[in-house]
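Residues per chain, in single letters:
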Amino acid sequence: MNRIDNKLLAAVLLGAAAMLSPAAQAAVNVLACEPEWEALVTELGGDKVKVSSATNALQDPHRVEARPGLIARTRNADLLVCTGLELEVGWLPVLVQQSGNARIAVGQPGHFEAGSYVPRLDVPSKLDRSEGDVHAAGNPHIQQNPHNIALVATALAKRLAEVDPANAAFYQNRQKDFAARWNAATLKWEALAAPLRNVALVEHHKNMEYLVNWLGMKVVGTLEPKPGVEPSAAHLGELLAQLQRQPAKLVLRAAYQDGRASQWLSERAKIPAVVVPFTVGADDKSKDLFALFDSTVQRLLDGAK
Ligand SMILES: [Zn+2]
């Protein structure tokens, strides 16, 4: 090999190294499935991460279309942060497969499922699909209990450190700081929400269980006859009759859900229809996780007056 070839080789190697090494400094690309995880990644990752969400707060997270823009974001992701528990079963496996990104496949460090880190509600003793959209791993709508958020935050900070070891200490410090502020806020919400204990309500879909369980409220009916099945006139009629015997204080739905069935019942049962943001970004106030819970507790208190 002559000198020129050696120089050329050195230049090529340097170029390759330059292409590989900045990955250590560049922000970790994170794709969240839902806005609450995007917000949590921001809390823990700060400027070390670049994060976006596959869905917005006004979308039904069970049903998402794999648009080209979303496929491109999936292809570039170093880390996928989703709920799991079959919430995204209708769209995420296809999306990951189409992206051809092996780093975020199930079982890889780049695949994080929040639902694996929380105590689950509604785990069916036997799986009967005739009962509607029943999730085998339990109820996947875990984000409306702040204790779940705290558990997920601990696991997620560890995962960020695993995917980006150079900044492990940074993620650990952010998590500690977040946990302190979050625990204080949780105590505040629990004190404020004390009057909600034992308040009976009707929900639209079985997506309020963790919120209701946290605050000691009671679900006495759902607008959907079965999970994932739209409210029908017959079912609403029965529900109205049932409320004569077993009254509810309010009818509750998430911001992404259609309000017609809720309104129908509200007018006839003479109880307020309450909308909670459900996730970050659903209204002007709910800009981050703290504001999401501020707003949720306030809406419930206003509705239950
Ligand atoms: Zn659901």
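The structure this text deals with has already been given above.
Thresholds, definitions, all that
Residues numbered from 1 in each chain as written. Predicted model: local features only at pLDDT ≥ 70, side-chain atom pairs only at ≥ 80, totals over all residues. Heavy atoms only, no water. Donors = N, O, S within 2.8 Å, 3.2 Å for Na, K, Ca; no water. Helix = DSSP H or I, 4+ residues; strand = E, 2+ residues; numbered from the N terminus. Phe/Tyr/Trp six-rings, centres within 6.5 Å; stacked < 30°, edge-to-face > 60°. Buried < 20%, exposed > 50% of the residue type's maximum accessible area, 1.4 Å probe, protein only. Lys NZ or Arg CZ within 6 Å of the ring centre and 35° of its normal. Salt bridge = Lys/Arg side-chain N within 4 Å of Asp/Glu carboxyl O.

**What to know about the coordination of the zinc ion**
Ideal geometry at a metal centre: 109.5 degrees between donors when four sit tetrahedrally, and 90 or 180 degrees when six sit octahedrally.
Okay, so step 1: Only His 62 (NE2), His 141 (NE2) and His 205 (NE2) from the protein coordinate the zinc ion, and they sit 2.1 to 2.2 Å from it.
Okay, so step 2: Written as a sequence motif, the donor arrangement for the zinc ion is H-x78-H-x63-H. Here the residue His 141 occupies a position in the loop between β4 (111-113) and α6 (146-163), and His 205 occupies one in the loop between β5 (200-203) and α8 (209-215), the gap between them amounting to 64 residues.

**Digging into the packing of aromatic side chains**
Okay, so step 1: A complete count under the given rule lists 11 aromatic pairs for this structure.
Okay, so step 2: Ring centres of Phe 170 and Tyr 171 lie 5.7 Å apart, and the angle between their planes is 80°; on these two criteria the pair is classed as edge-to-face.
Okay, so step 3: For Phe 170, a relative accessible area of 24% gives the class partly exposed.
Okay, so step 4: Both rings, one in Phe 178 and one in Phe 290, keep their centres 5.9 Å apart while their planes meet at 70°; by these two values the pair is edge-to-face. You can see Phe 178 sitting in helix α7 (residues 168-192) and its partner Phe 290 sitting in helix α11 (residues 289-304), a full 112 residues away along the chain.
Okay, so step 5: Taking relative accessible area as the criterion, Phe 178 reaches 1% and is therefore assigned buried.
Okay, so step 6: One aromatic cluster is present, formed by Phe 178, Trp 182, Trp 189, Trp 214, Phe 290 and Phe 293 through successive ring pairs.
Okay, so step 7: When the ring centre of Phe 170 is taken as reference, the NZ or CZ atom of Lys 48 above it lies at 4.9 Å.

**Focus on the pattern of salt bridges**
Side-chain pairs of opposite charge can arise where the charged atoms are in close proximity.
Okay, so step 1: Under the definition given, this model contains 14 salt bridges.
Okay, so step 2: Asp 60 is the partner of Arg 63 in a salt bridge, and the nearest nitrogen-oxygen pair spans 2.7 Å.
Okay, so step 3: Looking at Asp 60, the relative accessible area reads 22%, which means it is partly exposed.
Okay, so step 4: For Lys 188, the salt bridge goes to Asp 294, with nearest N and O atoms at 3.2 Å. In this pair, Lys 188 is assigned in helix α7 and Asp 294 in helix α11, connecting sequence segments 106 residues apart.
Okay, so step 5: Lys 188 sits in the partly exposed class, given a relative accessible area of 41%.
Okay, so step 6: Overlapping salt bridges, with partners in common, bring together Glu 43, Asp 177 and Arg 181 in one network.

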